Amino acid sequence: MHGFNIAISLNHPFDFAEFSWKTPFDFQQKHVMRISQHANIKVEQYAADTFLSEKLWIDTDKFFIVTEGIITNSDELCAEYNVSDINSLISVMIEEDNFFKKFRGNFCGFVYNKSTQTYLTFNNHTGTKKLFYFINSDFALFGTDLFTLHETLRSLNIQTTPDLEAAYLLLSNGFMLGDLTLVNQIKQIRAGEFFELKKSKAELKSYFHLSEIKPTVENENDIIPQIDSLFLKAVKREYDIDIKHKKNSLSTLSGGLDSRMTTLIAHKSGYPQQILSFSEKGYADEIISKQISSDYKLKQHFYTLNPNGLCCIDEVVKVNDGLTVYSSASHVFDAFQKVSIKNSGIVHTGMIGDAVFGSYLSATTPKKPTAEMGVYSEGLNRKTKDIKAKYLNNYETEELYKFYTRAFSGANNGFLFLDLIGESISPFLDVDLLSYVLSVPMKLRYKEAIYIKWINKHHPDAAKFTWEAIGGKPTNSNLLRFYYRAKRAIIKRLPVRSMWKNNMTPEQYWYDNNIEVRNYLDNYFSEHFHLLSFNKELADDCKSMYQNGNITEKAQVLTLLAAYKLLF
């Protein structure tokens, strides 16, 4: 939707007109265009005017740099390097290899070192921004939007084709694996990676990987205070940006622990904030979030989710280019159209918190990943096993595999939608905290044990509210927590109305019981099925999956159709 795009001619000067940016939605903030063009390079930055000064656009005799998103520790780095501003900071840091590894926050960027004639395009440590590239003997293209990059290829008369492996991964896992996109010729620069282009030598490299984290030798009594210190620092980094720009901090809050910890620690640290909560009326996420907001006198904006959110197919795919099943974000998109808060700042979340603290572990010792892990639909799992095998072998453990697939390729797409109303971030993905927590032995993180101990020791007030995931409180014993889980599971199967009946978005119920929604989705499938005519096997699989599958499987097919409609 927004960010930056770069076109580089590798052989000769070229006349390049402009990039085809997607039109922002009516509810989005104003956007500003910045343009730089030299003999062989064209750069455009299309960014929301909120926090524009945080998005770097610096052009000197020595270097050019453009970034998207928020770098939360720029002031810390200025103090460390004893400089007064960001321009001076980059002038010093650019002499260091992979200087961007010192940045923290939700960012990506491109830098042209004019002295060494080197181009570097980098994503952040956890891949919370989307970043794409194409390269051949004539051109190198980099950008934050797949559609825009694809349109650039077409304008340069470069032929593109659908990537069938990526299509089948979308129909199985619900998201991409590795560096795939739905376009054969375009790949992703993922978490902790950068692309270096120097003297016609092009190489994708890694500067950070979770597998490189070494286990800590500290004991539990030392670990818990360190977790608390790093979490407080991560919260301070992101909320200080709002204070710096005199913006209203927006914090998401549900019935889970992760958003709760972000919100309450920010509150206890003295940061003013307004609460955003989304749920179907009467369910646990509404009831628990309202209890917390009321107890702490936090101004809450509650948005009721409704079945019509499932109809936002084209709108959602316009944002995520079909790289993730649309129904995982359609409710957020639908709700965010209603968010209208003056002078709003960053959307602060608890994204990936449970995973950081151990929810991706199925045992206290390392286990190998399998093709069944993280699958949205099992129907095509057998057909995609060979595809997935290539990626499974890249990860020693299930936890690493789940982080780089389910989290970084899947769940992180949520940031794209939060960014529609500002910028977004999660303290759990601050790489200093993340690296430390993942260094904690598995036996202490299994079933999020160290998470609960940290909360009970340093923030017991956060544990007095029900934890939606278990239907009880974090302070409950393991036996009591098991009882609450079992009780909630039984209630979900009974024909009664209850706050535990659904988690936030009951899509299957909406499809089964709302004839307008069902007709809209079924008609969308019928009207766009012809887009699959180029491959009979894919068309047959999609037809079978849509006609016989549950709502998630139907949504996977609809996502693919909408993506082909957008791209091809």
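The structure contained in this document is the topic of the report that follows.

Conventions used here
Residues numbered from 1 in each chain as written. Predicted model: local features only at pLDDT ≥ 70, side-chain atom pairs only at ≥ 80, totals over all residues. Heavy atoms only, no water. Pairing = 2+ DSSP bridges. Helix = DSSP H or I, 4+ residues; strand = E, 2+ residues; numbered from the N terminus. Expected span 1.5 Å × (residues − 1). Buried < 20%, exposed > 50% of the residue type's maximum accessible area, 1.4 Å probe, protein only. Arc of directions from axis to C-beta. Contact = heavy atoms within 4.5 Å. Polar contact = N/O pair within 3.5 Å; in protein donor to acceptor, adjacent residues only side chain to side chain.

Of the strand pairs in this sheet, strand β8 (residues 132-135) and strand β9 (residues 139-143) are connected by four bridges, and their pairing is antiparallel. Across the sheet, Y133 pairs through a bridge with F142, a residue of β9. Here β8 pairs with strand β10 (residues 187-188) via two bridges, running antiparallel. Its bridge partner being in β10, Y133 is matched across the sheet by K187.

Turning to the sheet that holds strand β16 (residues 344-348), a few remarks are in order. The five strands are arranged β15-β14-β13-β16-β17 in an open sheet whose pairing can be described as parallel. The strands lining the two open edges of the sheet, one partner per strand, are β15 (299-304) and β17 (424-425). Looking at chain direction, β16 and β17 are connected through two bridges and run parallel. Bridge pairing in β17 links V347 to S424.

Our next topic: the sheet that holds β8. Spatially, the six strands line up as an open sheet ordered β2-β3-β1-β9-β8-β10, and their pairing is antiparallel. At either end of the open sheet lies a strand with only one pairing partner, and these are β2 (31-37) and β10. Here seven bridges tie β2 to strand β3 (residues 41-48), and the two strands are oriented antiparallel to one another. Note on β3: the bridge partner recorded for M33 is Y46.

This part is about helix α19 (residues 515-528). A rise of 1.5 Å per residue sets the reference length of α19, with its 14 residues, at 20 Å; its end C-alpha atoms lie 20 Å apart and thus fit the reference within 8%. Inspection of α19 places V517, L521, Y524, F525 and H528 among the buried residues, and these make up the whole buried set. One face of α19 carries all of its buried residues, which in axial projection span an arc of 95°. In α19, the exposed positions that point more than 90 degrees away from the buried face belong to I515, E516, S526 and E527. Elements that come into contact with the buried residues of α19 comprise α8 (313-320), α18 (507-513), α20 (536-548) and α21 (551-567). For α19, the side-chain oxygen to backbone nitrogen distance between the N-cap and E516 is 3.1 Å, and the N-cap itself is N514.

Just distances and angles here, no functional claims.
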